[in-house]
Amino acid sequence: PRPGQDGHCGNFNGNSGDDTTDAIRARIGMGVPQGESLFRTYTPAVPGKRETLSDCPPAKKAQAEQACRAAGRTDLEACTFDACFAGTQYVNEGM
């Protein structure tokens, strides 16, 4: 991590207690502009709305879960969420 790095995955200070969605949003705001997003799929942040797996269309969720299983991911729920909303190209990230 770089000094001052912060974002959706936290601030990398070793304290997971300050990496909740609310804490991250308090530090950096609701999200990044689409032009600054590193992801191919962009979903703008909506105040008060937190995406869950139930927001993922069933066919897309099945595809995401299948990709995570094929990659041997043990964190299936987290991987499925990321693959559903960011894309299956990310299933091998963070392994």
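Here goes a summary of the coordinates provided. Note that the coordinates shown come from a computational prediction; the quantities given were computed from them, not determined experimentally.

Analysis parameters
- Residues numbered from 1 in each chain as written.
- Predicted model: local features only at pLDDT ≥ 70, side-chain atom pairs only at ≥ 80, totals over all residues.
- Heavy atoms only, no water.
- 1 Å grid on protein atoms, 1.4 Å probe; cavity = no way out; pocket = protein on both sides within 12 Å on 5 of 7 lines; lining within 4 Å.
- Points joined across faces, edges and corners; volume = space filled by probe spheres on them.
- Helix = DSSP H or I, 4+ residues; strand = E, 2+ residues; numbered from the N terminus.
- Nonpolar A, V, L, I, M, F, W, Y, C, P; charged D, E, K, R; others polar.
- Buried < 20%, exposed > 50% of the residue type's maximum accessible area, 1.4 Å probe, protein only.
- Contact = heavy atoms within 4.5 Å.
- Polar contact = N/O pair within 3.5 Å; in protein donor to acceptor, adjacent residues only side chain to side chain.

As for the layout of surface pockets
Roughly 1700 Å³ of volume is contained in the largest pocket. The wall of the largest pocket is formed by 39 residues, among which Gly7, His8, Cys9, Val32 and Phe39 lie closest to the centre. Secondary-structure elements contributing two or more residues to the lining of the largest pocket are helix H1 (21-28) and helix H3 (76-86). For the lining of the largest pocket, the element with the most residues is H3, which contributes five residues. Here the lining of the largest pocket is built from residues that sort into 18 nonpolar, eleven polar and ten charged.

Observations regarding the side chain of Asn11
Position of Asn11 among the secondary structure elements: in the segment before H1. Residue Asn11 is classed as buried on the basis of its relative accessible area of 18%. Sequence-distant contacts of Asn11, that is, excluding residues within four places in its chain, are made with Gln5, Asp6, Asp18, Asp19 and Arg27.

Some remarks on the side chain of Arg73
Tracing the backbone through its elements, the reader meets Arg73 in the loop between helix H2 (58-70) and H3. Since its relative accessible area comes to 14%, Arg73 is described here as buried. Of the polar contacts made by the side chain of Arg73, one reaches the side chain of Asp75; its length is 2.8 Å.

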